[in-house]
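Architecture at a glance
Take a look at the letters that make up each chain.
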Amino acid sequence: MSETTLTLDELERLVGEILRKAGLSPLHADALTRVIVAGERDACKSHGIYRIEGCLRTLKAGKVIADAQPELTRDGSAILRVDAKGGFSCAAFELGAPVLAEKARALGLAALVINDCTHFSALWPEIEALTDQGLAAMAMCPSYASVAPAGGSAPLLGTNPFAFGWPRRNADPYVFDFATSVAARGEIELHRRAGTRLPEGWAIDASGAPTTDPEAALAGAMLPFGGHKGSAISMMIELLAGVMIGDLTSPEALEALGTTTLVPAHGELILAFDPARFAQGRAGDPMARAETLFEALLGQGARLPSQRRFQARARARSEGIRLSADEMALLHRLRDL
Ligand code: NDP
Ligand code: PYC
């Protein structure tokens, strides 16, 4: 099937046009465009242009506020809060991130709480915004109930992404970012569209039996990664980024939305750390010590997480982004709605 190659600027213009025509304010259209194009650029298909339709459906259903003005509040503590006011999370993060970085440098650590946001994006763009400032960072959020806990048989947890980043002086940062389900829900949806079976161990059907059928998986439940270990980490995310920040847990988010066909609203927690402030000169330079670990890992033939992404990014910058005929048709259809 024929492919089209777009430059990053061309894709950005097209995605921006679609989002603005759909009614998003420039603040949100621009912030969403940045993360969606970054997803395509870094070959993260489950959070690239494929997400646009879901965002537009959510907008049309009146479940996200197209021109919400996120509001930042500080109470003098290490905890900053952005109320997204029912808008998408991306602009709320962009408002809070510089203040979070400043606070983490001043205090050694700081937290950014985002409340009342609609959340569809990958977390690594947020992590990289902080590693670019020389900070280590973690981000996490619930989703909506679609994952059965280990030992359970029905959706309770979200796909609850968890991401971590460590800054490096002369190299791309160390960043991992994954769903705490075996795979992101977007991956199941991509299998459904492609008509391909799921790998074993990803999901159970509505009766609780293992399935490799994407339709049955979407009607049933996904499984946590790593059995009881992933299940416990996912529950931690419900507690820290749902209960603790005074926002919705995944079952509550599903109940509020009433469907898994739209993008869920809940909160997000982002933590930033200044490694030098923690180390206080003990045992040497933390940046140099981290490099020793990375070299040892690479020396065994293993790869760093995000290495594939950074390679895809370099390729996209020099060669552009290749989109299939179906993907181009989708973009044109959404633009001409
Ligand atoms: P993947 O399993 O594709 O990747 C997880 C991480 O592991 C990546 O950082 C990846 O780096 C790294 N990795 C993969 N293979 C290796 C390897 N062999 N050696 C070392 N590292 C490796 O991610 P998921 O499918 O679980 O999640 C995809 C995205 O979905 C995430 O960005 C997440 O934030 C997002 N998501 C968002 C949700 C939301 O509610 N907003 C919900 C759930 C997921 P690399 O990319 O370089 O391969
Ligand atoms: O891929 O699981 C997922 C997901 C849910 C919400 C946003 N992404």
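Whatever comes next refers back to the structure up there.
Residues numbered from 1 in each chain as written. Chains lettered and ligands numbered in written order. Predicted model: local features only at pLDDT ≥ 70, side-chain atom pairs only at ≥ 80, totals over all residues. Heavy atoms only, no water.

On to the overall build of the protein, then. When helices and strands are counted, the protein shows 13 helices and 12 strands. Its C-alpha radius of gyration of 20 Å places the protein within 12% of the 20 Å reference for a compact globule of 337 residues. Taking the principal axes of the C-alpha coordinates as reference, the protein spans close to 55 × 45 × 45 Å. Per-residue burial over the protein gives 52% buried out of 337 residues. Nonlocal contacts in the protein, meaning residues at least 24 apart in sequence, comprise 68% of its contacts between residues at least 6 apart. Looking at the protein as shown, the accessible area adds up to about 15,300 Å², and 54% of this sits on carbon and sulfur atoms. (Helix = DSSP H or I, 4+ residues; strand = E, 2+ residues; numbered from the N terminus. Rg over C-alpha atoms; globule rule 2.2 N^0.38 Å. Buried < 20%, exposed > 50% of the residue type's maximum accessible area, 1.4 Å probe, protein only. Contact = heavy atoms within 4.5 Å. Areas by Shrake-Rupley, 256 points an atom, 1.4 Å probe, with all protein chains shown as cover.)

Neighbouring ligand 2 are the residues His47, Arg51, Phe120, Ser143, Thr159, Ala184, Arg185 and Gly186. Note that an oxygen atom of ligand 2 is positioned 2.8 Å from one of the backbone N or O atoms of Arg185. One of the backbone nitrogen or oxygen atoms of Gly186 is found 3.1 Å away from an oxygen atom of ligand 2. Protein burial of ligand 2: of its 240 Å² of free accessible surface, 90% is covered by the chains. Each residue belonging to the shell around ligand 2 can be placed in one class, and the counts come to 2 nonpolar, 4 polar and 2 charged. (Near = heavy atom within 4 Å. Polar contact = N/O pair within 3.5 Å; in protein donor to acceptor, adjacent residues only side chain to side chain. Nonpolar A, V, L, I, M, F, W, Y, C, P; charged D, E, K, R; others polar.)

For Arg309, the position within the fold is in helix 12 (residues 307-319). Apart from residues lying up to four places away in sequence, Arg309 is in contact with Asp42, Cys44, Trp124, Glu128 and Val175.

Moving on, we come to the pattern of salt bridges. Considering all chains together, one arrives at 19 salt bridges under this definition. Arg309 is the salt-bridge partner of Glu128, the closest N and O atoms lying 2.9 Å from each other. With Glu128 in helix 5 (residues 124-131) and Arg309 in helix 12, this residue pair connects regions lying 181 residues apart in the sequence. A relative accessible area of 8% means that Glu128 is categorised as buried. (Salt bridge = Lys/Arg side-chain N within 4 Å of Asp/Glu carboxyl O.)

Quick look at the sheet that holds strand 9 (residues 210-211) now. Strand order in this open sheet of 3 strands is 9-8-10, and the pairing throughout is antiparallel. Edge positions in the open sheet fall to strand 9 and strand 10 (221-222), since each of these has one partner strand only. (Pairing = 2+ DSSP bridges.)

By the bridge criterion, 4 bridges tie strand 2 (residues 71-74) to strand 3 (residues 79-83) in an arrangement that is antiparallel. Bridge pairing in strand 3 places Thr73 opposite Arg81. Between strand 2 and strand 3, which pair antiparallel one after the other, the connecting turn spans 4 residues, and Gly76 there sits at a positive phi close to 85°.

Within the structure, ligand 1 sits among 21 residues, and His47, Ser121, Asp177, Ala179 and Arg308 are positioned closest to it. The side chain of His47 places a nitrogen or oxygen atom 3.3 Å from an oxygen atom of ligand 1. Between ligand 1 and Ser306, the relevant distance is 3.0 Å, taken from an oxygen atom to a main-chain nitrogen or oxygen of the residue. Coverage of ligand 1 by the protein amounts to 75% of the 930 Å² it exposes when considered alone. Looking at the shell around ligand 1, the elements that each hand over two or more residues are strand 7 (174-178) and helix 12. Here the element with the most residues in the shell around ligand 1 is strand 7; it accounts for 4 residues. Residue classes in the shell around ligand 1 are distributed as 11 nonpolar, 6 polar and 4 charged.

Without other data, these values stay purely geometric and don't point to any function.
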